[in-house]
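A structural walkthrough
Here are the chains, one letter per residue:
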Amino acid sequence: MPATAAPRRPDRDRATFAALGFRFCLVEADSWAFEAACAALAPLRVGTPPVSDDARYEIRAVSPRRAEIVVDGTAIHLAAEPAEAVEWLLWHVNQQAAMRSSRYLLLHAAAVELGGRALVVPGSSGAGKSTICAAFVQAGAGYLTDELTALVPATTTVVPFAKSLHLDHRSQRALGLLDARRERGDAAVPDHVAPSALASHPAGGPCVPRWIVFPRHDPGGGTGTELVRLTAADALVELLVHSVNLDRHGGKGLEVMAELAQACRCYRLTYADAGDGAKVVLSEIGAGP
Amino acid sequence: MPDMTRVSVEDSLFVYDERGKRFFVLNTSAAAVYDAVDGQASAAEIADRLAALHPEQADAVRRDVAFAIEGLLELGVVAEEAAGAAGT
């Protein structure tokens, strides 16, 4: 009797995800990359496939070391190794989520939930948003997002975009997230961390902001931890600077941001140690453990 | 001003330019000049009006008004046609 290949279960070779307004699927072309990418995208996975996907991703191994990312049949990036391909895929998904979520007012910001209200952490790349966000989650806050905060303009409600957090090796070490084997360099350390690695019940739900903290990570630690209250006008300038799509919302977007700056308590946080920084903020706003 | 959305927060006036997709932040003095530029009043009339509010610094106010109108025009916060009278 000729051998026949067992049909693959559909959930083994195709996974669907939602990143704010961006719906996409990942199709297995290389088992290692597929599993690694699915693990990294796990917080965004949806149970029921949408009627149609905005994009169809594949990561194909083109040699033992090289892999390419294919979107809707077109190769768009050649990575030096599969792990880099996964990181690049996460970056691309983030970009697409921003581009295809124009109904939301988007901020370059992390956000967590504390007692049903949101603490928003706007900042440029390298300001330490993800690191302090992870420290808040470790301290008991609900995770909403680490890079892209989506606000419903009519209500200023933050919509969760709970993707894996982008944390480099140094931040992971500072947060106590590296195990001994990885510390020795025995295994590659991805630049992303699943929210479930930070706390047992990390997810936050939609909520309205109550606090805004603009971080400045100072790893040298010269100033230690410093938390300074900002005026609403100063906070509004910062919010506008960190807006991703103010041009799509125009004057209405300005009005929403102004409402937010005036309704929230706003601070500038300078920190060297993320755990200390989170503790100082939580103590100030009365949400400490 | 058409195509401009304005929001006051504390002592600052935030202006969003819908056409240029830009925002501006004006302090109290610049906001007073911005409000006075209506396409009707000349720069001298605006300066006189604002100087009357601060008679002890009238000369400085007149200089500041001229400087502010020039700056608002340069940045495009006020349109040429609106500032036509003030700019002359």
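Summary of the structure given here. (Residues numbered from 1 in each chain as written. Chains lettered and ligands numbered in written order. Predicted model: local features only at pLDDT ≥ 70, side-chain atom pairs only at ≥ 80, totals over all residues. Heavy atoms only, no water.)

1. Section: the packing of aromatic side chains
All names here are of chain A. Test applied: Paired rings are identified among Phe, Tyr and Trp, the last through its six-membered ring, by centres lying within 6.5 Å, and are further divided according to the angle between planes into stacked (under 30 degrees), edge-to-face (over 60) and tilted (the rest). Numbering of helices and strands starts at the N terminus; helices are DSSP runs of H or I of at least 4 residues and strands are runs of E of at least 2. Throughout, exposure labels follow a simple rule: accessible area from a 1.4 Å probe, protein chains only, divided by the maximum for the residue type, with under 20% read as buried, over 50% as exposed, and the rest as partly exposed.
Applying the stated criterion across every chain, the model contains 5 aromatic pairs over all chains. Relative to Tyr-57, the ring of Phe-22 has its centre 6.4 Å away and its plane inclined at 80°; by these criteria the two rings are edge-to-face. With Phe-22 in strand β2 (residues 22-27) and Tyr-57 in strand β3 (residues 55-61), this residue pair connects regions lying 35 residues apart in the sequence. Just as Phe-22 is buried, Tyr-57 falls in that class too.

2. Notes on the interface of chain B and chain A
The condition that has to hold: Residue contacts are counted whenever heavy atoms from the two residues lie within 4.5 Å of one another. As used here, buried area is the combined drop in accessible area, with a 1.4 Å probe, of two parts when they are placed together. The term salt bridge refers to a pairing of a side-chain nitrogen on Lys or Arg with a carboxyl oxygen on Asp or Glu at a separation within 4 Å.
Of the residues lining the interface, 13 residues belong to chain B; the matching set on chain A comes to 15 residues. Taking both sides of the interface into account, the surface hidden between chain B and chain A amounts to around 1,100 Å²; carbon and sulfur atoms contribute 77%. Among the residues of chain B in contact with chain A, Phe14(B), Tyr16(B) and Phe23(B) are the three that bury the most area, contributing 43% of the side total. Where chain B meets chain A, there are 0 salt bridges.

3. Points about the packing of helix α2 (residues 43-51) of chain B against helix α3 (residues 58-75) of chain B
Residue and element names in this part refer to chain B. Put simply, the rule is: To obtain each axis, a line is fitted to C-alpha atoms, and for helices this fit is confined to the stretch in contact; angles are then taken between N-to-C directions over 0 to 180 degrees. In what follows, roughly perpendicular refers to angles from 65 to 115 degrees, roughly parallel to angles under 35, roughly antiparallel to angles over 145, and oblique to any angle outside these ranges. Helix crossings are classified by the rotation of the near helix relative to the far one: an anticlockwise turn of less than a right angle makes the crossing left-handed, while a clockwise turn makes it right-handed. Amino acid classes used here: Ala, Val, Leu, Ile, Met, Phe, Trp, Tyr, Cys and Pro are nonpolar; Asp, Glu, Lys and Arg are charged; the rest, including Gly, are polar.
With their axes 9 Å apart at the nearest point, α2 and α3 run at an angle of 135° to one another. Taken together, the axis directions place α2 and α3 in an arrangement best described as oblique. Between α2 and α3 lies a crossing whose hand is right-handed. Taken together, the residues of α3 that come into contact with α2 (itself represented by Ala-43, Ile-46, Ala-47, Asp-48, Leu-50 and Ala-51) are Ala-58, Val-61, Arg-62, Val-65 and Ile-69. Here the residues of the contact of α2 with α3 are counted per class, giving 9 nonpolar, no polar and 2 charged.

4. Side note on the pattern of salt bridges
Residues and elements named next belong to chain A. Applying the stated criterion across every chain yields a total of 13 salt bridges over all chains. Here Glu-58 and Arg-60 are joined by a salt bridge, their closest N and O atoms 3.2 Å apart. Of the residues examined, Glu-58 reaches a relative accessible area of 9% and is grouped as buried. Look at Arg-60 and you get partly exposed, because its relative accessible area is 31%. For Lys-163, the salt bridge identified is with Asp-146, shortest N-O distance 2.9 Å. Within this pair, whereas Lys-163 is found in the loop between β10 (157-159) and β11 (165-166), its partner Asp-146 is found in the loop between β8 (142-145) and β9 (148-152), the two being separated by 17 residues in sequence. Like Asp-146, Lys-163 is buried.

5. A look at the sheet that holds β3(A)
In a beta sheet, neighbouring strands are held together by backbone hydrogen bonds and run either parallel or antiparallel to one another. Residue and element names in this part refer to chain A. Basically, it comes down to this: Strand pairing is assigned whenever DSSP identifies at least 2 bridges connecting the two strands.
Strand order in the open sheet formed by 5 strands is β1-β2-β3-β4-β5, with mixed pairing between adjacent strands. What marks the edges here is a single partner per strand, and that holds for β1 (14-19) and β5 (74-79). Neighbouring strand axes in the sheet, compared pairwise and without regard to direction, differ in orientation by 25° on average. Where β2 and β3 come together, 4 bridges link them in parallel fashion.

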